[in-house]
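# Remarks on the overall topology
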Amino acid sequence: MEGAVDIWCPNIGDFFGLKHLDTQVLAVQRKKGRETWWYTMAWPRYPYPTWLLDDDAAAIRIYGWLMAQHGITGFVYSMAHGWGPKPLENLQSFGETNGDGTLLYPAAAVDKDDLNPLPSIRLMLLRDAIEDYELRRSLPFDYRVAPSLTYRAESSFTPSAQWLFYDRRWLETSLHFLLAQPLTTTSAHITIDGHLTETAWQKAFELRRLPYELTAETTKAWITHNGKNLFVAARCPLMQRSLKTEVKGEWFGVDLAPYQSNLRYRFIVTPSGKGIIEKHTREGHFRIEGVKWKYTAHATRDFYNIEMQIPFTEVGLDSNFRFNARRRFHDTQLDIHYLLHAFADAEDVTLMPRIVLQ
C-alpha cells in the first residue's frame, strides 16, 4: 500500500504481528509527508496501555505522553456508546473485554426521563490525556521523554534466571526482562514419550499469568539441549473443577526466535497430542508444515505431560536465540481461557528472554 494511503494506523501493540510496534517505520512515513495514527480494540491488553474498564487509570492517561513522544497525531476508536441492555451492571464487550467501545453511559439508566449521555471516568481521563498530549507536543521533539517507570527484582526466582516484577511501562526495544541466560547441554538420552523420567528434567521453572500472580495449579517446564536439538518438557495440572469435563482449548507451547530477527516460531502441543507450528511475522500469523520435530503428550486424570524435540537447524537458530514457554488453559466454571507465561514478555518478540547455549 506504499504510496496509496495518506495515513498509516497500526494496532498500538502490533497484535496481529510480532506484538511490538516498530515506531521507526512510522517515523520514515512521516518524513514522506504522511500521518501516523494508531488504534486499540480489545487487544492489546496489560501491560500495554488500554481503555478497558478494569485496567489502571494510568492506562488511559499514558496515551497522551506516548502519542506526543512517538509523533502519533491520531487515534482510532470503534465507538463510544456500545452499551448493552444493563449498562450499569455489565459492560462486557468485544473479545471478552470489559468496557471496550463504551466511554459513555445512558443517563436514562439512572433517571428514565433524562435522555442525555453520562461520561465515564475513562472519558474524563481521556480529556486529561489530550491535555497532556498538547503540553508534551509544545516541547521540542527530543525532550518529549516518557514518564519514569519503576520495576524491582525478585532474586529468589530459579533456575539461573531473575524474575523481574514491574509496574506499567511502555514496551520499547531497549527494555529487556532478562539478560542472556546460559542453557547447559545434556548427555542424557531423552525419549519423547511424555513420561518425564529422564535425569535431564531436574530444574523446573514455573509459568504464571503475571509476574506477581500465583496459581494453585502450578505449571512446570524444563529445557535443555544436546548441541543439535532443543528439548522441552512440561507438566500441566488441570484445575480441580475441570477434572470431570472435557478439556477444550488447552495447549502448551514454546516460542523461538533468532536473537536479531523479525519473526518468531511457536511450537504447540495439545493434551490429545496434536502438534502445530505457527510462524509470526509483521504480516501476520501463519501455520506452517514441513518442520521435522518430535512431540508427544501423555494425559492422566488430573494433569498432562508434554515433551518436544526441536532441531535448531529446522528453524535457523544458532547458539544465541530468544525463548519463552506458554500455556493456555481453560477455567470451565467461569468459561475463561488464560495464558500463562514462563517470562512476562507481553508476547513481544523483542522482550523474549535471550538464551545462550553452553
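The structure presented is a predicted model; accordingly, all values stated were derived computationally and were not measured. Residue positions are given per chain, counting from 1 as you read along its sequence in written order. Given that the model is predicted, a residue must reach a pLDDT of at least 70 before its local features are reported, and side-chain atom pairs must reach 80 or more before they are shown or counted; all residues, however, enter totals for whole chains, interfaces and linings. Only heavy atoms go into the side-chain values, all of them from the structure, while hydrogens and water stay out.

By the criteria applied, helices consist of DSSP H or I runs no shorter than four residues and strands consist of E runs no shorter than two, each listed in order from the N terminus. Within the chain, the regular secondary structure consists of three helices and 20 strands. Each of the 358 residues in the chain was classed as buried or not, and the buried ones make up 49%. Considering only contacts within the chain whose residues lie at least 6 apart along the sequence, 61% involve residues at least 24 apart. Shrake-Rupley sampling with a 1.4 Å probe provides the accessible areas, and residues are treated as covered by the protein chains on show and by no other component. Accessible area for the chain stands at about 18,400 Å²; split by element, carbon and sulfur atoms hold 53% of it. Exposed residues in this analysis have more than 50% of their type's maximum accessible area, buried residues have under 20%, and partly exposed residues fall in between, with area computed by a 1.4 Å probe over protein chains only. Two residues qualify as a contact provided that any one of their heavy atoms is within 4.5 Å of a heavy atom in the partner residue.

Strands are labelled as partners when DSSP assigns at least two bridges between them. Across the sheet, which stays open at both edges, the five strands sit in the order 9-10-11-17-16 with antiparallel pairing between neighbours. Edge strands, defined here as strands with exactly one partner in the open sheet, are strand 9 (205-207) and strand 16 (294-299). Going across the sheet, the axis of each strand differs from the next one's by a mean of 20°, ignoring polarity. In this structure, strand 16 lies alongside strand 17 (residues 303-311), joined through six bridges in antiparallel fashion. Within the sheet, the bridge partner assigned to Lys294 lies in strand 17 and is Gln309. Helix axes are fitted to C-alpha atoms over the stretch in contact, other axes to C-alpha atoms as well, and angles between N-to-C directions run from 0 to 180 degrees.

Of the positions making up helix 1 (residues 23-31), those classed as buried are Thr23, Leu26 and Gln29. Down the axis of helix 1, the buried set is contained in an arc of 110°. They therefore lie on one face. Helix 1 presents Gln24 and Lys31 as exposed residues on the side facing more than 90 degrees away from its buried surface. On its buried face, helix 1 sits against strand 1 (7-8), strand 2 (35-39) and helix 2 (58-70). Two to three positions downstream of the cap, the backbone nitrogen of Gln24 sits 3.1 Å from a side-chain oxygen, assigning the N-cap of helix 1 to Asp22. Looking at the residues trailing helix 1, positive phi occurs at Gly33, about 95°. What the arc covers is the set of directions going from the helix axis to the C-beta atoms. Contacts described as polar in this section are N or O atom pairs within 3.5 Å, which, within protein, must combine one atom able to donate a hydrogen with one able to accept it, while residues neighboring in sequence count only if both atoms come from side chains.

In terms of nonpolar packing, the biggest core is built from 36 residues, with Phe252, Val254, Phe267, Met308, Phe321 and Phe323 touching the most fellow members. Beyond its immediate chain neighbours, meaning those up to four positions away, Val254 contacts Val232, Tyr265, Arg266, Phe267, Met308, Ile310, Phe323, Asn324 and Ala325. By size, the runner-up hydrophobic cluster in this structure holds 17 residues, among which are Trp51, Ile60, Leu66 and Leu125. To qualify as a nonpolar core, a set must consist of buried Ala, Val, Leu, Ile, Met, Phe, Trp, Tyr and Cys residues joined through side-chain atoms within 4.5 Å.

The next subject is unusual backbone geometry. Note the cis peptide between Trp43 and Pro44, where omega equals 0°. Mapped onto the elements of the fold, Pro44 is located in the loop between strand 2 and helix 2. Look at Ala42: it is not a glycine, yet its phi comes out positive at around 70°. By the element assignment, Ala42 lies in the loop between strand 2 and helix 2.

The geometry of an aromatic ring pair is captured by the separation of the ring centres together with the interplanar angle, meaning the angle of the planes. Each aromatic pair joins two rings of Phe, Tyr and Trp (for Trp, the six-membered one) with centres within 6.5 Å, and gets the label stacked for planes under 30 degrees apart, edge-to-face for over 60, and tilted for any other angle. This structure, assessed with the given rule, holds 12 aromatic pairs. A ring pair is formed by Trp38 and Tyr63, whose centres lie 6.4 Å apart and whose planes are at 70°; its orientation type is edge-to-face. Of this pair, Trp38 sits in strand 2 while Tyr63 sits in helix 2, and the two are 25 residues apart along the sequence. An identical accessibility class is assigned to Trp38 and Tyr63; each is buried. Two conditions define a charge sitting above a ring: the NZ of Lys or the CZ of Arg must be within 6 Å of the ring centre, and it must be within 35 degrees of the ring normal. One Lys or Arg, Arg354, reaches over the ring of Tyr259 and ends 4.5 Å from the middle of that ring.

Detail in the predicted coordinates should be disregarded across regions flagged by low pLDDT. Values of pLDDT, which run from 0 to 100, indicate the predictor's confidence residue by residue. On average, residues of the chain score 81 in pLDDT, and 83% of them reach the 70 mark or higher. The element-level mean pLDDT for the chain is lowest in strand 7 (residues 163-166), coming to 28, with strand 13 (residues 263-269) highest at 96. Counted against residues more than four places away or in other chains, residues 147-179, with its pLDDT under 50, gives 91 contacts. Scored below 50 in pLDDT, residues 210-214 shows 12 contacts in the model against residues more than four places distant or in partner chains.

Salt bridges are defined by distance alone: a side-chain nitrogen of Lys or Arg within 4 Å of a carboxyl oxygen of Asp or Glu. Going through the model one piece at a time under the given rule, you end up with 14 salt bridges. Close ionic contact of Asp14 with Arg282 constitutes a salt bridge, the shortest N to O distance being 2.8 Å. With Asp14 in the loop between strand 1 and helix 1 and Arg282 in the loop between strand 14 (275-281) and strand 15 (284-287), this pair connects stretches of sequence that are 268 residues apart. Judged by its relative accessible area of 28%, Arg282 is partly exposed. If you follow the salt bridges from partner to partner, you end up with Lys19, Asp255, Arg264, Arg266, Arg326, Asp345 and Glu347 in one network.

Next up on the list: the sheet that holds strand 1. One open sheet holds the three strands; their spatial order is 1-2-3, and the pairing between them is parallel. Every other strand in the sheet has two partners, leaving strand 1 and strand 3 (74-76) as the edge strands with one partner each. Strand direction decides the pairing type here: strand 2 and strand 3, joined by three bridges, are parallel. Of the residues in strand 3, the one forming a bridge with Trp37 is Gly74.

Turning our eyes to something else, we now look at the side chain of Asp255. By the secondary structure assignment, Asp255 is in strand 12 (residues 251-258). Asp255 sits in the buried class, given a relative accessible area of 0%. In terms of polar contacts, Asp255 uses its side chain to reach the side chain of Arg266, at 2.7 Å. The residues contacting Asp255, other than those within four sequence positions of it, are Arg264, Tyr265, Arg266, Arg322, Phe323, Asn324, Arg326 and Met352.

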